[in-house]
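Given next are the chains, with one letter for each unit.
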Amino acid sequence: MEDLSSLTHLLMVDFTQMKAFGEDPLILTEGQGIRVRDDRGKWYVDGISGVFVNALGHGNQRVIQAATQQLNTLAFHAPLFSTNAPALQLAKLLTGIAPRGYSTLKFFSGGAEANEAAIKMARQFAAQNGNGKKFKVLSHYRGYHGGTGHALAASGSPSWRSVYEPFAPGFIHVHPPFTYGARFGLEGEALSAAAAALLEETIVLEGPDTIAAFITEPIMLSAGVRVPPPGYLERVQAICDRHDILLIFDEIITGFGRTGHLFASNLYGVTPDLLSFGKGVSGGYAPLSGVLIQERVARTFWGEIDDNVQFRAGHTYAGNPVACAVGVAAVSELLERNVVNNARRMGERLQSGLRVLAERRQCIVDVRGEGLLIALEFAQDKATREPFPESLKFGNRVHKAARHRGLLIREGPNFVALAPPLVVTEADVDEITELMDQAIGDALTDSAAADPAHLGAHRRGS
Ligand SMILES: Cc1ncc(COP(=O)(O)O)c(C=O)c1O
C-alpha cells in the first residue's frame, strides 16, 4: 500500500501545525467499537470519541444499515423547496425527547452552522417583534462556538480569533464564573451570584434594548470542561428573561447523553429559548446538527403567507436524508439501549478512578466534569495550584504520552479532556484509567528531563 504519511502535505488538519503533523502524523484507517487503528496497524482506545462524536463507537450495524438503506432509497434532494421522510421522522423523535417546549427544529450539518443560525434566529426574532435595535450577542470569554463568522465572533479565546479580526460589531464577552473562582476565592452559590451579577451589570451597561441573545455552552469544553457553579445557569436564564434576551445553549458537545443526561439542559433544569446540537446526534456516522426552537420563538417564523415571513438562510446539506436516517437510528440506539444511563454510571466510575490517581499524583489538582465528559487539571504544586510553566506544554506531553501508550485524548495547556464513547464497559473504563496513569507518569519523567528546575519535585513520577 502507498505510504500515506508522504501525502500529508496535501491537506490541512484542523487546529494543527502542519509541519509538526507531517513529522508525526496520525492517519486512522479503521474503527471497531471503541478502538481505532492507524495506517501502521497500531490500535488505540478512543478516549475522546473522535471529538465528542462517536457516542456509539464504530461498527454499529443498526446505524450502518439505516444509512445504506437510505443511500439506496434517496441520497439527496434540494433542501430549499422540499424535505424528506427521515428529516420529518427525526424532527418528531427529537422534539419528543427534548426538554419541554421545543415545538420545532431546523437541521444543519455542523456545530458552527447551527450556532450561526441560532444567532441569526435570535436577531430576527427581536426584529419581528418590533425590537429591531436588539442585535448584540453576549457570550463567555473562553467559550467556543465554531469556526464561522458569527460563531467565531461569539467564541472567546484570542488564539482562535486574533488572526481573523475584526469581526462584525455587536459581539460582547463576559467572564465565565470560573475566572472569579480562581482569582477571588469564590465558590458555590457565592461564585454563581457574583458571576451572574457581573453578567447583569454588563447587560445594563450595554443597554438591554440592544441585546438579542446570550449564548453559552452549559459546560465550557474548550475552556477546560468547566462545570457551572450551582444555580448559575438558572440565574442566567432569569436575567435573560428579565431583559427580554434570548438564551441559547450550545449543546454541540453536551447534547445526546454526553453528561449522563440526554441534554445538559435536563441536568441543570434550565430550558433555553434555542438549543443547538450536533456531534453525538449522529454518533459520527454522518454530518448532522440542528437548532431546537421553543414554541414562542418558532411561532414568529410562521406569520402570514402574504407577509412572506421566513428564516432566510439554508445550507445544501442541511436535513440531508442520509444524515437524518443515521440520526433516527443513532438516537434510537441511545434511547433503546439505555446508553445515557450507561454514560452516567461509567462516568462515575471513570471519575472515581481518576480521583484515586489524583490522590496519589501530586500533579493532578482537579478532576471535574459530568458523565463521560471529564477533565484532569495539572499543576506543579498541589497546595498552591501554581501551574506548570506554559513553555513546558504539560497537557501536550500527557497527550503525546497517552497516544504512545495507545489512548487518544484531547489536550489543553494544563489539562486533558477525556470523553470516551458512551457505550464503554467497566473494563474499558478501567483500562482508560490505567493508560492515563501510565501516560501521566511518562509525561512527568519527560518533563523532568526537559525542565529539572520546575519538575524536580516530580522526579519520582508522582
Ligand atoms: C461547544 C462547541 N460548539 C460548536 C462547535 C463547532 O462544531 P463544528 O466543528 O461541528 O462546526 C464545537 C466544536 O468542537 C464545540 O465544541
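Note that the coordinates shown come from a computational prediction; the quantities given were computed from them, not determined experimentally.

Attention now moves to the packing of helix H9 (residues 188-206) against helix H10 (residues 232-242). It is at 9 Å that the axes of H9 and H10 come closest, and there the two elements cross at 25°. With respect to each other, H9 and H10 are oriented roughly parallel. Along this stretch, H9 crosses H10, giving a crossing that reads as right-handed. From H9, Glu 189, Ser 192, Ala 193, Ala 195, Ala 196, Leu 199, Glu 200 and Ile 203 reach across to H10, where they touch Tyr 232, Arg 235, Val 236, Ile 239 and Arg 242. Partitioning the contact of H9 with H10 into residue classes produces eight nonpolar, one polar and four charged.

Once that is clear, we can look at helix H8 (residues 177-184). Residues of H8 that are buried: Pro 177, Phe 178, Thr 179, Tyr 180 and Gly 181. Buried-residue contacts for H8 involve strand E5 (136-140), H9 and H10. Backbone geometry just after H8 places Gly 185 at a positive phi near 65°.

Inspection of every chain in the model, using the stated rule, returns nine aromatic pairs. Between Phe 15 and Tyr 144 the ring centres are 6.0 Å apart and the planes differ by 80°, which places this aromatic pair in the edge-to-face class. Here Phe 15 is found in the segment before helix H1 (18-23), whereas its partner Tyr 144 is found in the loop between E5 and helix H6 (149-154), with 129 residues between them in sequence. The exposed category is assigned to Phe 15, whose relative accessible area is 66%. Relative accessible area serves as the criterion here: at 22%, Tyr 144 is assigned to the partly exposed category. Ring geometry for Tyr 180 versus Phe 184: centroids 6.0 Å apart, planes at 20°, classification stacked. Of this pair, Tyr 180 and Phe 184 both sit in helix H8, separated by four residues, roughly a single helical turn.

On to the domain arrangement of the protein chain. In terms of domains, the protein chain is made up of domain 1 (4-59 + 338-458) and domain 2 (62-336). Computed from C-alpha atoms alone, the centre-to-centre distance between domain 1 and domain 2 is 27 Å. Tallying the contact residues gives 32 residues for domain 1 and 33 residues for domain 2. The junction of domain 1 with domain 2 conceals about 2400 Å² of combined surface from both sides, 63% of it contributed by carbon and sulfur atoms. In terms of surface lost to domain 2, no three residues of domain 1 exceed Leu 56, Glu 370 and Leu 373, which account for 25% of the buried area on that side. Counting across the interface, domain 1 meets domain 2 through one salt bridge. Residues Arg 226 and Glu 377 are paired through a salt bridge, measuring 3.8 Å at the closest nitrogen-oxygen approach. Where domain 1 touches domain 2, the interface holds 14 residue pairs in polar contact (both at pLDDT 80 or more). For the side of domain 1 that touches domain 2, a count of residues per class yields 19 nonpolar, eight polar and five charged.

Here the focus is the packing of H8 against H9. Orientation of H8 relative to H9, taken along the N-to-C sense of each, is 120°, at an axis distance of 9 Å. When the axis of H8 is compared with that of H9, the two are oblique. Two packed elements cross with a definite hand, and for H8 against H9 that hand is right-handed. Residues Pro 177, Tyr 180 and Gly 181 of H8 form the contact with H9, whose own contacting residues are Leu 191, Ala 195 and Leu 198. Its residues assigned to classes, the contact of H8 with H9 comprises five nonpolar, one polar and no charged.

Turning next to the pattern of salt bridges. When charged atoms on two side chains of opposite charge get close, those side chains can pair. Applying the stated criterion across every chain, the model contains 23 salt bridges. Of the charged contacts, one joins Arg 35 and Asp 428 as a salt bridge, the two residues approaching to 3.8 Å between their closest N and O atoms. Taken together, the positions of Arg 35 in strand E2 (residues 35-38) and Asp 428 in helix H16 (residues 426-450) put the pair 393 residues apart, joining distant regions of the chain. Given the relative accessible area of 27%, Arg 35 is considered partly exposed. Its relative accessible area of 12% is what places Asp 428 among the buried residues. In this structure, Glu 336 and Arg 62 form a salt bridge, with 2.9 Å as the shortest nitrogen-oxygen distance. Residue Glu 336 is found in helix H13 (residues 321-336), and its partner Arg 62 is found in helix H3 (residues 61-73); the two are separated by 274 residues along the sequence. Looking at Arg 62, the relative accessible area reads 32%, which means it is partly exposed.

Reading guide: rules and limits
- Residues numbered from 1 in each chain as written.
- Predicted model: local features only at pLDDT ≥ 70, side-chain atom pairs only at ≥ 80, totals over all residues.
- Heavy atoms only, no water.
- Axes fitted to C-alpha atoms, helices over the stretch in contact; angles between N-to-C directions.
- Helix = DSSP H or I, 4+ residues; strand = E, 2+ residues; numbered from the N terminus.
- Parallel < 35°, antiparallel > 145°, perpendicular 65-115°, else oblique.
- Left-handed = near helix turned anticlockwise from the far one by under 90°.
- Contact = heavy atoms within 4.5 Å.
- Nonpolar A, V, L, I, M, F, W, Y, C, P; charged D, E, K, R; others polar.
- Buried < 20%, exposed > 50% of the residue type's maximum accessible area, 1.4 Å probe, protein only.
- Phe/Tyr/Trp six-rings, centres within 6.5 Å; stacked < 30°, edge-to-face > 60°.
- Domains from an automatic or database assignment.
- Buried area = accessible area lost by both parts, 1.4 Å probe.
- Salt bridge = Lys/Arg side-chain N within 4 Å of Asp/Glu carboxyl O.
- Polar contact = N/O pair within 3.5 Å; in protein donor to acceptor, adjacent residues only side chain to side chain.

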